[in-house]
Amino acid sequence: MSTRDLYTTAPSSPSWQVPATGAARFSWEYEDGRERLLALYQKGKDKQWDGATRIDWDLEVDPYDPLGTPDEVLTLHGTRHWAKMTEKDKGDLRRHYSAWQFSQFLHGEQGAMICAARIVESVPDLDAKFYSATQTMDEARHAEIYGRFLHEKIGMLYPINDNLRGLLDDTLRDSRWDMPYLGMQVLIEGLALAAFGMIRDTTDKPLPKQILAYVMQDEARHVAFGRMALRDYYKQLSDAELREREEFVIEGCHLMRDRLRGVEVLENFGIPRKEAEELSEQSEFLHLFRKLLFSRIVPCVKDIGLWGERLQKAYVDMGVFDLGDSNLDLLMTQDEEIAERLDAERFAQEERARVTEVADAIAEGAAGE
Ligand SMILES: [Fe+2]
Ligand SMILES: [Fe+2]
(Lines give C-alpha, C1' and ligand atoms only; values in the text may rest on other atoms or scores of the structure.)
(Ligands and ions follow the chains in the order given, each with its own letter.)
Protein backbone atom coordinates (compact mmCIF):
# COMPACT_ATOMS: atom_id res chain seq x y z
CA MET A 1 0.00 0.00 0.00
CA SER A 2 1.32 3.46 -0.82
CA THR A 3 2.61 5.45 2.15
CA ARG A 4 0.24 8.28 1.22
CA ASP A 5 -2.66 6.16 2.42
CA LEU A 6 -1.03 5.38 5.78
CA TYR A 7 -0.13 8.88 6.99
CA THR A 8 -2.22 10.09 9.93
CA THR A 9 -2.04 13.57 8.36
CA ALA A 10 -0.78 14.06 4.83
CA PRO A 11 2.63 15.78 4.60
CA SER A 12 2.29 19.31 3.20
CA SER A 13 3.77 18.12 -0.10
CA PRO A 14 4.89 14.70 -1.38
CA SER A 15 8.58 15.71 -1.44
CA TRP A 16 10.84 18.23 0.26
CA GLN A 17 13.59 20.20 -1.44
CA VAL A 18 16.48 21.71 0.46
CA PRO A 19 18.66 23.97 -1.69
CA ALA A 20 22.31 22.90 -1.54
CA THR A 21 25.36 25.12 -1.35
CA GLY A 22 29.03 24.26 -1.16
CA ALA A 23 31.48 22.49 -3.41
CA ALA A 24 31.80 18.94 -4.71
CA ARG A 25 35.44 18.05 -4.08
CA PHE A 26 37.66 15.63 -5.93
CA SER A 27 40.90 14.33 -4.49
CA TRP A 28 43.74 13.13 -6.71
CA GLU A 29 45.55 11.49 -3.81
CA TYR A 30 44.52 7.83 -3.82
CA GLU A 31 47.07 6.26 -1.50
CA ASP A 32 47.66 8.41 1.57
CA GLY A 33 44.59 7.42 3.57
CA ARG A 34 44.58 7.37 7.36
CA GLU A 35 44.98 3.81 8.66
CA ARG A 36 42.12 4.01 11.14
CA LEU A 37 39.66 5.44 8.66
CA LEU A 38 40.54 2.86 6.04
CA ALA A 39 40.16 0.10 8.64
CA LEU A 40 36.70 1.43 9.41
CA TYR A 41 35.90 1.49 5.69
CA GLN A 42 36.98 -2.16 5.44
CA LYS A 43 34.77 -3.01 8.39
CA GLY A 44 31.89 -1.12 6.77
CA LYS A 45 32.24 -3.33 3.70
CA ASP A 46 32.65 -6.57 5.67
CA LYS A 47 29.66 -5.97 7.89
CA GLN A 48 26.99 -5.16 5.31
CA TRP A 49 23.90 -7.28 5.86
CA ASP A 50 20.53 -7.66 4.23
CA GLY A 51 17.45 -6.83 6.27
CA ALA A 52 15.33 -8.96 3.96
CA THR A 53 17.12 -12.12 5.15
CA ARG A 54 18.68 -11.31 8.53
CA ILE A 55 15.43 -10.12 10.09
CA ASP A 56 12.67 -12.62 10.73
CA TRP A 57 9.78 -10.76 9.10
CA ASP A 58 7.40 -13.66 9.74
CA LEU A 59 7.26 -12.75 13.41
CA GLU A 60 3.87 -11.34 14.25
CA VAL A 61 3.45 -7.87 15.71
CA ASP A 62 0.36 -6.60 17.46
CA PRO A 63 -0.15 -3.15 15.88
CA TYR A 64 -1.95 -2.04 19.05
CA ASP A 65 1.07 -2.88 21.18
CA PRO A 66 4.08 -3.23 18.88
CA LEU A 67 6.69 -2.77 21.63
CA GLY A 68 4.98 -4.16 24.73
CA THR A 69 4.75 -0.69 26.27
CA PRO A 70 3.62 -0.64 29.94
CA ASP A 71 0.76 1.76 30.78
CA GLU A 72 2.89 3.89 33.12
CA VAL A 73 5.13 4.94 30.27
CA LEU A 74 2.31 6.51 28.26
CA THR A 75 2.05 10.28 28.70
CA LEU A 76 -1.67 10.18 29.38
CA HIS A 77 -1.36 7.61 32.17
CA GLY A 78 -2.66 9.03 35.44
CA THR A 79 -4.21 12.12 33.79
CA ARG A 80 -7.92 12.97 33.64
CA HIS A 81 -7.98 11.64 30.07
CA TRP A 82 -6.76 8.18 31.09
CA ALA A 83 -9.77 7.50 33.29
CA LYS A 84 -12.07 8.03 30.32
CA MET A 85 -10.16 5.76 27.95
CA THR A 86 -11.36 2.29 27.01
CA GLU A 87 -8.94 -0.60 26.38
CA LYS A 88 -9.43 0.04 22.68
CA ASP A 89 -8.47 3.71 23.08
CA LYS A 90 -5.34 2.66 24.95
CA GLY A 91 -4.42 0.27 22.15
CA ASP A 92 -4.92 3.07 19.63
CA LEU A 93 -2.72 5.35 21.69
CA ARG A 94 0.06 2.76 21.78
CA ARG A 95 -0.21 2.28 18.05
CA HIS A 96 0.01 6.03 17.39
CA TYR A 97 3.00 6.51 19.69
CA SER A 98 4.89 3.63 18.09
CA ALA A 99 3.97 4.90 14.63
CA TRP A 100 5.15 8.39 15.57
CA GLN A 101 8.43 7.20 17.02
CA PHE A 102 9.34 4.78 14.24
CA SER A 103 8.28 7.33 11.62
CA GLN A 104 10.80 9.79 13.08
CA PHE A 105 13.41 7.01 12.93
CA LEU A 106 12.48 6.39 9.31
CA HIS A 107 12.63 10.05 8.24
CA GLY A 108 15.84 10.41 10.25
CA GLU A 109 17.41 7.46 8.44
CA GLN A 110 16.52 9.02 5.11
CA GLY A 111 18.15 12.21 6.38
CA ALA A 112 21.21 10.22 7.43
CA MET A 113 21.45 8.67 3.98
CA ILE A 114 21.26 12.09 2.33
CA CYS A 115 23.82 13.60 4.74
CA ALA A 116 26.20 10.67 4.23
CA ALA A 117 25.91 11.16 0.48
CA ARG A 118 26.57 14.88 0.94
CA ILE A 119 29.69 14.02 2.91
CA VAL A 120 30.90 11.78 0.07
CA GLU A 121 30.55 14.79 -2.18
CA SER A 122 32.04 17.50 -0.03
CA VAL A 123 34.63 16.04 2.35
CA PRO A 124 38.15 16.77 1.05
CA ASP A 125 39.88 13.43 1.68
CA LEU A 126 39.34 10.23 -0.23
CA ASP A 127 39.52 7.94 2.84
CA ALA A 128 36.53 9.78 4.32
CA LYS A 129 34.67 9.66 0.99
CA PHE A 130 35.18 5.89 0.83
CA TYR A 131 33.94 5.38 4.34
CA SER A 132 30.94 7.64 3.90
CA ALA A 133 29.94 5.73 0.77
CA THR A 134 29.53 2.57 2.90
CA GLN A 135 27.55 4.56 5.41
CA THR A 136 25.23 5.85 2.67
CA MET A 137 24.42 2.20 1.91
CA ASP A 138 23.97 1.40 5.62
CA GLU A 139 21.46 4.23 5.98
CA ALA A 140 19.57 3.13 2.88
CA ARG A 141 19.18 -0.34 4.46
CA HIS A 142 18.00 1.22 7.71
CA ALA A 143 15.39 3.38 5.97
CA GLU A 144 14.22 0.31 4.06
CA ILE A 145 13.82 -1.70 7.28
CA TYR A 146 11.99 0.96 9.30
CA GLY A 147 9.77 1.63 6.31
CA ARG A 148 8.90 -2.04 6.02
CA PHE A 149 8.19 -2.34 9.74
CA LEU A 150 5.81 0.64 9.61
CA HIS A 151 4.00 -0.44 6.45
CA GLU A 152 3.69 -4.15 7.19
CA LYS A 153 3.45 -4.29 10.95
CA ILE A 154 2.02 -1.03 12.27
CA GLY A 155 0.14 0.16 9.20
CA MET A 156 0.38 3.83 10.12
CA LEU A 157 2.93 6.62 9.60
CA TYR A 158 3.44 10.12 10.93
CA PRO A 159 4.98 12.97 8.92
CA ILE A 160 8.38 14.26 10.02
CA ASN A 161 8.36 16.32 13.21
CA ASP A 162 8.78 20.05 12.42
CA ASN A 163 11.78 20.44 14.67
CA LEU A 164 13.60 17.42 13.37
CA ARG A 165 12.96 18.84 9.93
CA GLY A 166 14.30 22.23 11.00
CA LEU A 167 17.52 20.71 12.29
CA LEU A 168 17.97 18.66 9.11
CA ASP A 169 17.36 21.80 7.11
CA ASP A 170 20.06 23.77 8.99
CA THR A 171 22.43 20.84 8.67
CA LEU A 172 21.97 20.47 4.93
CA ARG A 173 21.93 24.16 4.00
CA ASP A 174 25.28 24.90 5.60
CA SER A 175 28.10 25.08 3.08
CA ARG A 176 30.85 24.11 5.57
CA TRP A 177 31.64 20.45 4.98
CA ASP A 178 31.87 19.51 8.64
CA MET A 179 28.31 20.62 9.43
CA PRO A 180 26.50 17.54 8.09
CA TYR A 181 28.83 15.50 10.27
CA LEU A 182 28.11 17.57 13.30
CA GLY A 183 24.37 17.94 12.80
CA MET A 184 23.74 14.45 11.55
CA GLN A 185 26.43 12.15 12.94
CA VAL A 186 26.81 13.74 16.31
CA LEU A 187 23.45 15.31 17.15
CA ILE A 188 20.71 13.47 15.29
CA GLU A 189 22.42 10.07 15.23
CA GLY A 190 23.55 10.44 18.82
CA LEU A 191 20.00 11.11 19.86
CA ALA A 192 18.56 8.35 17.68
CA LEU A 193 21.07 5.87 19.02
CA ALA A 194 20.05 6.58 22.59
CA ALA A 195 16.37 6.16 21.67
CA PHE A 196 17.07 2.92 19.76
CA GLY A 197 19.03 1.59 22.73
CA MET A 198 16.23 2.31 25.17
CA ILE A 199 13.73 0.38 23.09
CA ARG A 200 16.17 -2.43 22.30
CA ASP A 201 16.89 -2.95 25.98
CA THR A 202 13.29 -2.72 27.24
CA THR A 203 11.03 -4.28 24.60
CA ASP A 204 10.06 -7.93 24.98
CA LYS A 205 8.88 -8.15 21.37
CA PRO A 206 11.33 -10.09 19.20
CA LEU A 207 10.88 -8.30 15.86
CA PRO A 208 11.54 -4.72 16.98
CA LYS A 209 14.37 -6.05 19.16
CA GLN A 210 16.08 -7.61 16.15
CA ILE A 211 15.65 -4.47 14.06
CA LEU A 212 17.09 -2.19 16.71
CA ALA A 213 19.97 -4.45 17.69
CA TYR A 214 21.11 -4.88 14.09
CA VAL A 215 20.71 -1.24 13.15
CA MET A 216 22.70 -0.26 16.23
CA GLN A 217 25.52 -2.56 15.20
CA ASP A 218 25.99 -0.34 12.12
CA GLU A 219 25.47 2.91 13.98
CA ALA A 220 28.42 2.10 16.22
CA ARG A 221 30.66 2.49 13.14
CA HIS A 222 28.98 5.73 12.11
CA VAL A 223 29.64 7.37 15.43
CA ALA A 224 33.26 6.15 15.36
CA PHE A 225 33.64 7.80 11.94
CA GLY A 226 32.21 11.14 13.05
CA ARG A 227 34.52 11.17 16.04
CA MET A 228 37.64 10.37 14.05
CA ALA A 229 37.00 12.83 11.25
CA LEU A 230 35.90 15.73 13.42
CA ARG A 231 38.57 15.29 16.08
CA ASP A 232 41.25 15.66 13.42
CA TYR A 233 39.58 18.63 11.78
CA TYR A 234 38.66 20.58 14.92
CA LYS A 235 42.27 20.57 16.07
CA GLN A 236 43.00 22.90 13.15
CA LEU A 237 40.18 25.39 13.75
CA SER A 238 40.48 28.77 15.46
CA ASP A 239 38.75 29.52 18.74
CA ALA A 240 36.13 31.60 16.97
CA GLU A 241 35.35 28.80 14.54
CA LEU A 242 35.04 26.30 17.37
CA ARG A 243 32.66 28.62 19.26
CA GLU A 244 30.40 28.75 16.19
CA ARG A 245 30.18 24.96 16.18
CA GLU A 246 29.46 24.95 19.90
CA GLU A 247 26.59 27.38 19.42
CA PHE A 248 25.13 25.08 16.80
CA VAL A 249 25.39 22.12 19.17
CA ILE A 250 23.77 24.01 22.05
CA GLU A 251 20.87 25.14 19.90
CA GLY A 252 20.39 21.70 18.39
CA CYS A 253 20.40 20.04 21.81
CA HIS A 254 17.79 22.43 23.16
CA LEU A 255 15.61 21.95 20.15
CA MET A 256 15.64 18.19 20.33
CA ARG A 257 15.29 18.04 24.07
CA ASP A 258 12.31 20.36 24.23
CA ARG A 259 10.54 19.67 21.00
CA LEU A 260 10.73 15.97 20.23
CA ARG A 261 8.14 14.53 22.53
CA GLY A 262 5.25 13.33 20.38
CA VAL A 263 2.83 16.19 21.06
CA GLU A 264 1.42 15.47 17.58
CA VAL A 265 0.07 12.16 18.88
CA LEU A 266 -1.90 13.75 21.69
CA GLU A 267 -3.29 16.34 19.29
CA ASN A 268 -4.63 13.48 17.19
CA PHE A 269 -6.46 12.31 20.31
CA GLY A 270 -8.26 15.64 20.53
CA ILE A 271 -6.06 17.24 23.18
CA PRO A 272 -5.26 20.90 22.39
CA ARG A 273 -1.57 21.60 21.71
CA LYS A 274 -0.99 23.67 24.82
CA GLU A 275 -2.41 21.03 27.12
CA ALA A 276 -0.56 18.31 25.20
CA GLU A 277 2.70 20.18 25.79
CA GLU A 278 1.98 20.56 29.48
CA LEU A 279 1.08 16.90 29.89
CA SER A 280 4.25 15.87 28.10
CA GLU A 281 6.31 18.14 30.35
CA GLN A 282 4.79 16.55 33.45
CA SER A 283 5.46 13.00 32.34
CA GLU A 284 7.95 11.37 34.67
CA PHE A 285 9.04 9.06 31.94
CA LEU A 286 9.93 11.97 29.69
CA HIS A 287 12.30 13.36 32.30
CA LEU A 288 14.14 10.08 32.53
CA PHE A 289 14.08 9.69 28.77
CA ARG A 290 15.55 13.14 28.26
CA LYS A 291 18.60 12.51 30.34
CA LEU A 292 19.19 9.17 28.66
CA LEU A 293 18.80 10.82 25.27
CA PHE A 294 22.03 12.68 25.83
CA SER A 295 24.06 9.67 26.88
CA ARG A 296 25.64 9.40 23.42
CA ILE A 297 25.86 13.06 22.43
CA VAL A 298 27.63 14.57 25.43
CA PRO A 299 30.68 12.24 25.55
CA CYS A 300 31.01 12.56 21.77
CA VAL A 301 30.98 16.35 21.77
CA LYS A 302 33.59 16.36 24.51
CA ASP A 303 35.70 13.84 22.63
CA ILE A 304 35.84 15.85 19.39
CA GLY A 305 37.05 18.93 21.25
CA LEU A 306 33.93 21.08 21.48
CA TRP A 307 34.10 21.55 25.20
CA GLY A 308 34.20 25.33 25.70
CA GLU A 309 32.79 27.13 28.69
CA ARG A 310 29.43 27.99 27.15
CA LEU A 311 28.78 24.44 26.09
CA GLN A 312 29.77 23.09 29.48
CA LYS A 313 27.44 25.53 31.14
CA ALA A 314 24.56 24.58 28.82
CA TYR A 315 25.04 20.93 29.75
CA VAL A 316 25.18 21.73 33.44
CA ASP A 317 21.85 23.59 33.05
CA MET A 318 20.32 20.64 31.24
CA GLY A 319 21.54 18.31 33.97
CA VAL A 320 23.56 16.17 31.58
CA PHE A 321 27.11 17.46 32.13
CA ASP A 322 28.23 14.30 33.98
CA LEU A 323 27.46 12.19 30.93
CA GLY A 324 30.61 13.66 29.35
CA ASP A 325 32.60 11.07 31.28
CA SER A 326 30.75 8.01 30.02
CA ASN A 327 32.81 5.61 27.99
CA LEU A 328 31.69 5.80 24.37
CA ASP A 329 34.03 3.06 23.19
CA LEU A 330 32.55 0.69 25.71
CA LEU A 331 28.97 1.56 24.69
CA MET A 332 29.84 0.97 21.04
CA THR A 333 31.52 -2.36 21.74
CA GLN A 334 28.44 -3.42 23.66
CA ASP A 335 26.18 -2.45 20.75
CA GLU A 336 28.17 -4.73 18.49
CA GLU A 337 28.21 -7.58 21.00
CA ILE A 338 24.46 -7.41 21.62
CA ALA A 339 23.78 -7.85 17.89
CA GLU A 340 26.23 -10.75 17.64
CA ARG A 341 24.77 -12.42 20.72
CA LEU A 342 21.27 -12.13 19.31
CA ASP A 343 22.45 -13.81 16.09
CA ALA A 344 24.08 -16.61 18.11
CA GLU A 345 20.92 -17.19 20.18
CA ARG A 346 18.71 -17.26 17.12
CA PHE A 347 21.10 -19.60 15.36
CA ALA A 348 21.21 -21.95 18.36
CA GLN A 349 17.40 -21.97 18.47
CA GLU A 350 17.12 -22.82 14.80
CA GLU A 351 19.75 -25.51 15.24
CA ARG A 352 17.79 -27.04 18.12
CA ALA A 353 14.60 -26.99 16.05
CA ARG A 354 16.43 -28.65 13.16
CA VAL A 355 17.88 -31.38 15.39
CA THR A 356 14.43 -32.12 16.84
CA GLU A 357 12.98 -32.29 13.36
CA VAL A 358 15.65 -34.74 12.24
CA ALA A 359 15.19 -36.84 15.41
CA ASP A 360 11.42 -36.91 14.83
CA ALA A 361 11.90 -37.96 11.25
CA ILE A 362 14.24 -40.79 12.32
CA ALA A 363 11.82 -41.95 15.01
CA GLU A 364 8.98 -41.91 12.50
CA GLY A 365 11.09 -43.84 10.01
CA ALA A 366 11.99 -46.41 12.68
CA ALA A 367 8.33 -46.78 13.70
CA GLY A 368 7.36 -47.38 10.09
CA GLU A 369 9.88 -50.22 9.59
FE1 LIG B 1 21.08 4.61 10.40
FE1 LIG C 1 23.89 6.13 11.00
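(A) Structural view of the overall build of the protein. For the protein, the helix and strand inventory stands at 15 helices and 0 strands. The globule rule puts the C-alpha radius of gyration for 369 residues at 21 Å, and the 22 Å found for the protein is close to it. For the C-alpha atoms alone, the extent of the protein along its principal axes is close to 80 × 60 × 40 Å. Within the protein, buried positions represent 51% of all 369 residues.

(B) View of the coordination of the iron ion (ligand 1). Distances from the iron ion (ligand 1) to its protein donors, namely Glu109 (OE), Glu139 (OE), His142 (ND1) and Glu219 (OE), fall within the range 1.9 to 2.3 Å. Coordination geometry of the iron ion (ligand 1): the 4 donor atoms subtend angles of 87 to 139° at the metal centre, consistent with an arrangement described as irregular. When the donor residues of the iron ion (ligand 1) are listed from N- to C-terminus, their spacing reads E-x29-E-x2-H-x76-E.

(C) Representation of the layout of surface pockets. Taken as a whole, the largest pocket encloses approximately 1000 Å³ of empty space. Contributing to the lining of the largest pocket are 39 residues, with Pro11, His107, Pro159, Ile160 and Arg165 lying nearest its centre. Elements with a contribution of two residues or more to the lining of the largest pocket: α4 (87–122), α5 (126–154), α6 (162–173), α9 (239–259), α10 (263–268) and α11 (273–282). No other element matches the 6 residues that α4 contributes to the lining of the largest pocket. Considered class by class, the residues forming the lining of the largest pocket number 17 nonpolar, 12 polar and 10 charged. Empty space within the second largest pocket amounts to approximately 900 Å³. Around the second largest pocket, the lining comprises 41 residues; the ones closest to its centre are Gln101, Ala195, Ile199, Phe285 and Phe289. Of all the secondary structure elements, the ones that give two or more residues to the lining of the second largest pocket are α4, α7 (178–202) and α12 (284–293). Across the lining of the second largest pocket, the residue classes break down as 25 nonpolar, 11 polar and 5 charged.

(D) Spatial organisation of the coordination of the iron ion (ligand 2). Note on the iron ion (ligand 2): its protein donors are Glu139 (OE), Glu189 (OE), Glu219 (OE) and His222 (ND1). The metal-donor distances range over 2.0 to 2.1 Å. Of note is the iron ion (ligand 2), whose 4 donor atoms meet at the metal with angles of 78 to 160° in an arrangement that counts as irregular. Read in sequence order, the donor residues coordinating the iron ion (ligand 2) give the pattern E-x49-E-x29-E-x2-H.

(E) Region of the structure containing the nonpolar core. Counting residues in each nonpolar core, the largest one holds 105 residues, and the members touching the most others are Leu182 and Tyr315. For this core, the element with the highest residue contribution is helix α8 (residues 206–234), accounting for 15 residues.

(F) Expanded view of the environment of Ala52. Inspection of the secondary structure puts Ala52 in helix α2 (residues 51–54). Expressed as a C-alpha distance, the spacing of Ala52 and Leu306, which sit 254 residues apart in the sequence, is 39 Å. When residues no more than four places from it in sequence are discounted, the contact partners of Ala52 are Trp57 and Arg148.

(G) View of the side chain of His222. Checked against the element boundaries, His222 lands in helix α8. In contact with His222, not counting residues within four places along its chain, are Tyr131, Gln135, Asp138, Glu139, His142, Gln185 and Glu189.

(H) Quick look at the packing of aromatic side chains. Using the criterion set out here, one finds 16 aromatic pairs in the structure. A ring pair is formed by Phe26 and Trp28, whose centres lie 5.6 Å apart and whose planes are at 35°; its orientation type is tilted. Comparing Phe26 with Trp28, the two get one shared label, exposed. Relative to Tyr214, the ring of Trp49 has its centre 5.8 Å away and its plane inclined at 65°; by these criteria the two rings are edge-to-face. Of this pair, Trp49 sits in the loop between α1 (35–46) and α2 while Tyr214 sits in helix α8; the two residues are 165 residues apart in sequence, bridging distant segments of the chain. Both residues of the pair, Trp49 and Tyr214, belong to the buried class. Taking the ring centre of Trp49 as reference, the NZ or CZ of Arg141 above it sits at 4.9 Å. Looking at Arg165, its charged tip hangs above the ring of Trp16, at a distance of 4.7 Å from the centre.

(I) Quick peek at α11. Every buried residue of α11 is listed here: Glu275, Ala276, Leu279 and Ser280. Angular distribution of buried residues about the axis of α11 spans 135°; they occupy a single face of the element. When the buried face of α11 is taken as reference, the exposed residues oriented beyond 90 degrees from it are Lys274 and Gln282. Close packing links the buried residues of α11 with α3 (80–84), α10 and α12.

(J) Region of the structure containing the confidence of the model for the protein. For the protein, the average pLDDT comes to 91, and 99% of its residues sit at 70 or higher. Across the protein, α5 holds the top mean pLDDT of 97, while α12 sits lowest at 79.

(K) Region of interest: the packing of α4 against α6. Axis separation between α4 and α6 bottoms out at 11 Å; the angle between their running directions is 0°. The orientation of α4 with respect to α6, classified from their angle, is roughly parallel. Two secondary-structure elements touch here, α4 through Gln104, Gly111, Ile114, Cys115 and Arg118 and α6 through Leu164, Leu168, Thr171 and Leu172. Residues of the contact of α4 with α6, tallied by class, amount to 5 nonpolar, 3 polar and 1 charged.

Thresholds applied
- Residues numbered from 1 in each chain as written.
- Chains lettered and ligands numbered in written order.
- Predicted model: local features only at pLDDT ≥ 70, side-chain atom pairs only at ≥ 80, totals over all residues.
- Heavy atoms only, no water.
- Helix = DSSP H or I, 4+ residues; strand = E, 2+ residues; numbered from the N terminus.
- Rg over C-alpha atoms; globule rule 2.2 N^0.38 Å.
- Buried < 20%, exposed > 50% of the residue type's maximum accessible area, 1.4 Å probe, protein only.
- Donors = N, O, S within 2.8 Å, 3.2 Å for Na, K, Ca; no water.
- Tetrahedral: all angles 85-135°; square planar, octahedral: opposite > 155°, others 65-115°.
- 1 Å grid on protein atoms, 1.4 Å probe; cavity = no way out; pocket = protein on both sides within 12 Å on 5 of 7 lines; lining within 4 Å.
- Points joined across faces, edges and corners; volume = space filled by probe spheres on them.
- Nonpolar A, V, L, I, M, F, W, Y, C, P; charged D, E, K, R; others polar.
- Core = buried A, V, L, I, M, F, W, Y, C linked by side-chain atoms within 4.5 Å.
- Contact = heavy atoms within 4.5 Å.
- Phe/Tyr/Trp six-rings, centres within 6.5 Å; stacked < 30°, edge-to-face > 60°.
- Lys NZ or Arg CZ within 6 Å of the ring centre and 35° of its normal.
- Arc of directions from axis to C-beta.
- pLDDT = per-residue confidence, 0-100.
- Axes fitted to C-alpha atoms, helices over the stretch in contact; angles between N-to-C directions.
- Parallel < 35°, antiparallel > 145°, perpendicular 65-115°, else oblique.

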